Amino acid sequence: MHVDLGSSLDATPGVSRASLERLDEQVAAAHERIAAGRDAHEHGYEALNLPSTVDLDAIRTAVAPFDDAEAVLTVGIGGSALGAATFADALAGPDDPDAYFLDNVDPEHVSRLLDSLPLDRTVLNVVSRSGTTAETLANFLVVRESMADAGVDWTDRTFVTTGESGNLRSLAEKHDLPSLSVPDGVPGRFSALSTVGLAVAAIQGHDLDAIRAGSADAAGGLSGSLFETPAYAYGATTYALAGRGAVTNAMMPYAERLETFAEWFAQLWAESLGKDGLGQTPARALGATDQHSQLQLYRAGPRDKLVTLVRPRDYSDRAIPETDLDGLSYLGGSSLGDLLDAEFEATEASLVESGVPAIRVEIDAVDERSLGSLLYEMEAACVLYGELAAVSTFTQPAVEWGKNAARGLLGGGDFEEAEAVDQRTSLVVE
Ligand SMILES: O=P(O)(O)OC[C@H]1O[C@](O)(CO)[C@@H](O)[C@@H]1O
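Residues numbered from 1 in each chain as written. Predicted model: local features only at pLDDT ≥ 70, side-chain atom pairs only at ≥ 80, totals over all residues. Heavy atoms only, no water.

Details of the site of the ligand
As a structural note, the neighbourhood of the ligand is formed by 13 residues, with Ser 80, Ser 128, Ser 130, Thr 133 and Glu 271 the closest of them. Residue Ser 80 places a side-chain N or O atom 2.6 Å away from an oxygen atom belonging to the ligand. One of the side-chain nitrogen or oxygen atoms of Lys 403 is found 2.9 Å away from an oxygen atom of the ligand. For the ligand, the accessible surface in isolation is 390 Å², of which the surrounding protein chains cover 88%. (Near = heavy atom within 4 Å. Polar contact = N/O pair within 3.5 Å; in protein donor to acceptor, adjacent residues only side chain to side chain. Areas by Shrake-Rupley, 256 points an atom, 1.4 Å probe, with all protein chains shown as cover.)

As for the UniProt feature "active site" (unreviewed entry) in the chain
Here, the residues flagged by UniProt with the feature "active site" (unreviewed entry) are Glu 271, His 292 and Lys 403. Spanning 133 residues, the named residues are also spread out in space, since their farthest C-alpha pair is 36.7 Å apart. One can find Glu 271 in helix α12 (residues 259-273). Judged by its relative accessible area of 23%, Glu 271 is partly exposed. Other than its neighbours up to four places away in sequence, Glu 271 contacts Arg 189, Ala 266, Thr 395, Gln 396 and Val 399. A polar atom in the side chain of Glu 271 sits 2.7 Å from the side chain of Arg 189. Within the secondary structure layout, His 292 lies in the loop between β8 (281-284) and α13 (295-300). Residue classification places His 292 among the exposed residues on the basis of a relative accessible area of 67%. (UniProt positions renumbered as here; feature names shortened; annotations may be inferred. Helix = DSSP H or I, 4+ residues; strand = E, 2+ residues; numbered from the N terminus. Buried < 20%, exposed > 50% of the residue type's maximum accessible area, 1.4 Å probe, protein only. Contact = heavy atoms within 4.5 Å.)

Considering the environment of Ala 201
As for its placement among the helices and strands, Ala 201 is situated in helix α9 (residues 195-203). Placed 163 residues apart in sequence, Ala 201 and Asp 364 show a C-alpha to C-alpha distance of 20 Å. Those residues in contact with Ala 201 that lie beyond four places of it in its chain are His 206 and Leu 208.

Some thoughts on the packing of aromatic side chains
Here the structure, examined in full by the defined rule, presents 12 aromatic pairs. Between Phe 140 and Trp 154 the ring centres are 5.7 Å apart and the planes differ by 75°, which places this aromatic pair in the edge-to-face class. Taken as a pair, Phe 140 in helix α6 (residues 134-149) and Trp 154 in helix α7 (residues 154-157) lie far apart in primary sequence, 14 residues in all. Its relative accessible area of 4% is what places Phe 140 among the buried residues. Ring geometry for Phe 190 versus Phe 394: centroids 5.4 Å apart, planes at 65°, classification edge-to-face. With Phe 190 in the loop between β6 (179-181) and α9 and Phe 394 in the loop between α15 (368-389) and α16 (400-409), the pair connects residues that are 204 residues apart, well separated along the chain. (Phe/Tyr/Trp six-rings, centres within 6.5 Å; stacked < 30°, edge-to-face > 60°.)

Concerning the side chain of Asn 49
Position of Asn 49 among the secondary structure elements: in the loop between α1 (17-39) and α2 (50-53). Residue Asn 49 is classed as buried on the basis of its relative accessible area of 8%. Of the polar contacts made by the side chain of Asn 49, one reaches the side chain of Glu 46; its length is 2.8 Å.

Some thoughts on the pattern of salt bridges
Taken as a whole and judged by the stated rule, the model has 20 salt bridges. Of the charged contacts in the structure, one is a salt bridge between Arg 33 and Glu 42, with a shortest N-O distance of 2.7 Å. Using a relative accessible area of 31% as the deciding quantity, one classes Arg 33 as partly exposed. Note that Arg 313 is salt-bridged to Glu 362, the shortest N-O span being 2.8 Å. A residue pair is termed long-range when its members are at least 10 positions apart, and Arg 313 in strand β9 (residues 305-314) and Glu 362 in strand β10 (residues 358-365) qualify at 49 residues. Through salt bridges with shared partners, a single network forms among Arg 311, Arg 313, Asp 341, Glu 345, Glu 348, Arg 360 and Glu 362. (Salt bridge = Lys/Arg side-chain N within 4 Å of Asp/Glu carboxyl O.)

What follows is the structure, encoded as structure tokens:
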């Protein structure tokens, strides 16, 4: 990725070049810590080794039985879905098997989706690092039943990606299902460049070697200075801006195919950095669409935001036809790409004009190699931010309370959290 910090300098909140130069000393130390964590294969840091550790042949072998698929249905949530969905959304081609993601338990949505799928030509991809996530297991049971009701042998259409032990590992062994392992030391939200994020891309026939090559380029580019490392430039500047009040980061890609990337980024940033009362709230936006819904707030609302504007430099364009309609001639003869680029630059300039910090992130194109490097670099940016903020980037203890409460409410064990649910205060107005 190409990072331009220019529009975050001297904004309000903003950072100065001098303050970034001072911060670069901490970046150098953080980089050493990250390198040491990678060398020692420590939990979390191990994710930044994936370009050299991921076994692409194992992925291709595991999904080989499904080369007749018309659709691939992934049942997984959070990091067990968002990485794969980012690749599927960005790279989907007209001849690829369609990719669907069940990463919620909305009964109406689940039923509508299952009713619409050719289950006998659908691959069921069940993904859970822990093997205990209620939403994923419940959806698996529902899909399995639907397959059985449709006379489809689910064991012929299912593969599993999970840890070395747990419910799903036992299921895979019992039914001799094709399976992949979630690599040790790689938290879910950092697993897009592993078996977890690449299996669907393999079924859809995307170039896994190009994705890995892009991430390897990025890994090779990590150095001890933010002025030489785009990932660290992004991580350090977002950290510095948060310290100056920019506690919301609006991730705004100017490409429909990158919309799910913004969702993936939201989990990475929120779950990794939201600790000890700190963190930067990711807000998902889409350019140019959200210029017409969110920009008013970004420019004229509370001074607590930065905006990350992302765009591909190369894309297939579409001409806007000439027109003699009054007032529209300025559009005729140009292209949708010209308009989108003008909107991108105009929005960046409008943020600068109102003193709101913006960071420009450009990728060469929405293709395998650029995505491999973009995802790796955003992961490295997040790890660096976590080092500078001294938070435990690779854990997510705050999500457990709600899980226990839900499990207790469903009779899945005695959890004090479930009792607390009944004690809530209510003030109903209807
Ligand atoms: O892969 P699993 O273990 O099902 O977890 C799914 C997601 O749930 C979380 O644990 C949060 O509840 C995320 O960190 C993770 O990506």
